[in-house]
Amino acid sequence: MAGVDRNKKVSRWYFGGLASAGAACCTHPLDLLKVMLQTQQEGKVSALKLAVTISKEQGVGALYNGLSASLCRQLTYSTVRFGIYEVGKQGLSSANGGAENLSFQSKVLLASAAGAAGGFVGTPADMINVRMQNDIKLPAESRRNYKHAIDGFIRVWKEEGFRRLFSGVEMATSRAVLMTVGQLSFYDQVKQFLISTPYFSDNPTTHFLSSLTAGAVATSLTQPLDVLKTRAMNAKPGEYKNLWHLVTYTAKLGPLGFFKGYVPAFVRLAPHTILTFLFMEQLRLNFGFYKTSKD
């Protein structure tokens, strides 16, 4: 029994990717509405009105357009960022005598590195996801009509070149850094604070409150970059000369142009963040492992 920490199980590196994929299945319609609102240059259509219009004209199933790409994105982007963060956190926790001794700054730095790696790896699937989601608002003759994520990868590679798969990688990576900091480091910090009080323990209530806070922080940090990333990935070749051209074009809408789709982004990200951490914590508690001194 020596060297075994019986107080808490820890996550396996791939739990985050599985949990994120499960959450994506539940929140995909909200993500689709967010993408469509962000690619509008003019007009103000509410998320509810947009959802009703899509459902009436194309059926409720259209709200799940691009689900295969969304799952592919989570299984690349989220698996990498959660994996690096969890493995790194476990290593640093062992070196510092426990997770409670790991500073918030260390968590932020670790989350930043994990987010950068995940954002880069997940960019191709992210781009296909954006295109498939935005397809339903285009005229029939202008749609790309990717059959599924793999078809999208192949067609982009053949028709636009391999480098096009990494269109918007700078913004996707920057956004992923902020997203991972907002979600993972803040989740851990809030959870640690709540458990340190006499009112909370390591249970679903604590996980819910911690993830809700993390979702709010992550949405506020990432929304401007999310708008720019979505526009860059959905753009036709040559539509924007460079990043500055994209920024100035979006700025014509005013400062709030960088926060288009904020409400559906929060409405989508908060449930996604909550479900991701609730799923991941259940995976940890039921299928995790006890950290030993040799690990």
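Here is what the cut-offs are and how they apply
Residues numbered from 1 in each chain as written. Predicted model: local features only at pLDDT ≥ 70, side-chain atom pairs only at ≥ 80, totals over all residues. Heavy atoms only, no water. Helix = DSSP H or I, 4+ residues; strand = E, 2+ residues; numbered from the N terminus. Rg over C-alpha atoms; globule rule 2.2 N^0.38 Å. Buried < 20%, exposed > 50% of the residue type's maximum accessible area, 1.4 Å probe, protein only. Areas by Shrake-Rupley, 256 points an atom, 1.4 Å probe, with all protein chains shown as cover. Lys, Arg positive; Asp, Glu negative; His and termini not counted. Charge placed at Lys NZ, Arg CZ, Asp CG, Glu CD. Contact = heavy atoms within 4.5 Å. Phe/Tyr/Trp six-rings, centres within 6.5 Å; stacked < 30°, edge-to-face > 60°. Axes fitted to C-alpha atoms, helices over the stretch in contact; angles between N-to-C directions. Parallel < 35°, antiparallel > 145°, perpendicular 65-115°, else oblique. Nonpolar A, V, L, I, M, F, W, Y, C, P; charged D, E, K, R; others polar. Patch = residues over 30% accessible without salt bridge, like charges linked within 9 Å, V, L, I, M, F, W, Y side chains within 5 Å. Salt bridge = Lys/Arg side-chain N within 4 Å of Asp/Glu carboxyl O.

A word on the overall build of the protein. Scanning the protein from terminus to terminus reveals nine helices and two strands. The order of helices and strands in the protein, counted from the N terminus, is β-α-α-α-α-α-α-α-α-α-β. In terms of overall size, the protein behaves like a compact globule, its C-alpha atoms giving a radius of gyration of 20 Å where 295 residues would be expected to give roughly 19 Å. Buried residues in the protein amount to 49% of all 295 residues. Within the structure as shown, the protein displays about 13,900 Å² of accessible surface, and the carbon and sulfur contribution to it stands at 64%. For the protein, the distance from the average site of its 33 positive side-chain charges to the average site of its 19 negative ones is 1 Å.

Attention now moves to the environment of Gly168. Structurally, Gly168 is set in the loop between α5 (149–160) and α6 (169–196). Using a relative accessible area of 10% as the deciding quantity, one classes Gly168 as buried. Not counting residues within four places of it along the chain, the set of residues in contact with Gly168 comprises Lys229, Ala232 and Met233.

By the secondary structure assignment, His28 is in helix α1 (residues 15–38). Owing to a relative accessible area of 1%, His28 belongs among the buried residues under this scheme. Dropping the residues within four chain positions of it, His28 is found in contact with Leu63, Tyr64, Asn65, Gly66, Leu67, Ser70, Asn129 and Gln133.

Let us look at the packing of aromatic side chains. Overall, the coordinates contain ten aromatic pairs when judged by the stated rule. Aromatic side chains Trp157 and Phe162 sit 5.0 Å apart centroid to centroid with 55° between the ring planes, which places their arrangement in the tilted category. The exposure class of Trp157 is exposed, given its relative accessible area of 52%. In textbook terms, an aromatic cluster arises when at least three aromatic residues are bridged by ring pairs, as seen for Phe120, Trp157, Phe162 and Phe166.

This part is about the packing of α6 against helix α7 (residues 204–234). At a closest axis distance of 8 Å, the pairing of α6 and α7 adopts a crossing angle of 170°. Relative to α7, α6 is oriented roughly antiparallel. Tallied by class, the residues present in the contact of α6 with α7 amount to 18 nonpolar, nine polar and four charged.

What follows concerns the side chain of Gln74. As for its position among the elements, Gln74 is in helix α3 (residues 67–95). Non-local contacts of Gln74, meaning those with residues more than four positions away in its chain, are made with Gly17, Ser20, Ala21, Ala24, Thr79, Arg268 and His272.

Taken together, the side chains of Trp13, Tyr14, Leu18, Leu75 and Val87 make up a nonpolar region of the molecular surface, amounting to roughly 500 Å² of accessible area. Mapped onto the elements of the fold, Leu75 is located in helix α3.

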